[in-house]
Amino acid sequence: MPDGSEEQKEWNNSDLKDYLEQYDVARYKSNGVMVVNRRAVRDGLAARDAA
């Protein structure tokens, strides 16, 4: 994920989905709302940082 709030503001839902899929983080619905698993996102960020 880009560093800096200005770059992040340009992202849309599709960009986030595509990025998270690189780290096997899938979105899913919970009570009708699209969400991602916090632990999976954290693990994906850790994998990115370790690379």
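These figures come from a predicted structure and were not determined experimentally. (Residues numbered from 1 in each chain as written. Predicted model: local features only at pLDDT ≥ 70, side-chain atom pairs only at ≥ 80, totals over all residues. Heavy atoms only, no water.)

K.L.:
Would you mind showing me how to read the overall build of the chain here?
P.N.:
A count of helical and extended segments in the chain gives three helices and two strands. Looking at the chain as a whole, 10% of its 51 residues qualify as buried. Of the accessible surface of the chain, which amounts to about 4200 Å², a share of 47% is contributed by carbon and sulfur atoms. (Helix = DSSP H or I, 4+ residues; strand = E, 2+ residues; numbered from the N terminus. Buried < 20%, exposed > 50% of the residue type's maximum accessible area, 1.4 Å probe, protein only. Areas by Shrake-Rupley, 256 points an atom, 1.4 Å probe, with all protein chains shown as cover.)

K.L.:
It is not clear to me how the pairing of strand β1 (residues 27-30) should be interpreted in this structure. Could you clarify?
P.N.:
Residues in a regular strand point their side chains to alternate faces of the sheet. With four bridges joining them, β1 and strand β2 (residues 33-36) adopt antiparallel strand pairing. Counterpart to S30 in the pairing with β2 is V33. Hairpin connection, β1 to β2: the antiparallel pair is bridged by two residues, and N31 has positive phi, about 55 degrees. (Pairing = 2+ DSSP bridges.)

K.L.:
Teacher, can you tell me more about the environment of L45 here?
P.N.:
Residue placement: L45 occurs in helix α3 (residues 38-50). Of the residues examined, L45 reaches a relative accessible area of 30% and is grouped as partly exposed. On a C-alpha basis, the gap between L45 and Y23 in space is 8.3 Å, while along the polypeptide they are 22 residues apart.

K.L.:
Help me understand the confidence of the model for the chain, please; the structure alone is not making it clear to me.
P.N.:
Caution applies to low-pLDDT regions: their predicted coordinates should not be interpreted in detail. The share of residues in the chain with pLDDT of 70 or more is 82%, and the mean pLDDT across the chain is 81. When pLDDT is averaged over each element of the chain, β1 comes out on top at 91 and helix α1 (residues 5-9) at the bottom at 61. (pLDDT = per-residue confidence, 0-100.)

K.L.:
Would you mind going over the pattern of salt bridges with me for this structure?
P.N.:
A side chain with one charge may pair with a side chain of the opposite charge, provided their charged atoms come close. By the definition in use, this model includes three salt bridges. In this structure, D43 engages R42 in a salt bridge whose closest nitrogen and oxygen atoms are separated by 3.6 Å. Across the salt bridge formed by D49 and R48, the nearest N and O atoms sit 2.9 Å from each other. Residue D49 is classed as exposed on the basis of its relative accessible area of 55%. Under the relative-accessibility criterion, R48 is labelled partly exposed at 26%. (Salt bridge = Lys/Arg side-chain N within 4 Å of Asp/Glu carboxyl O.)

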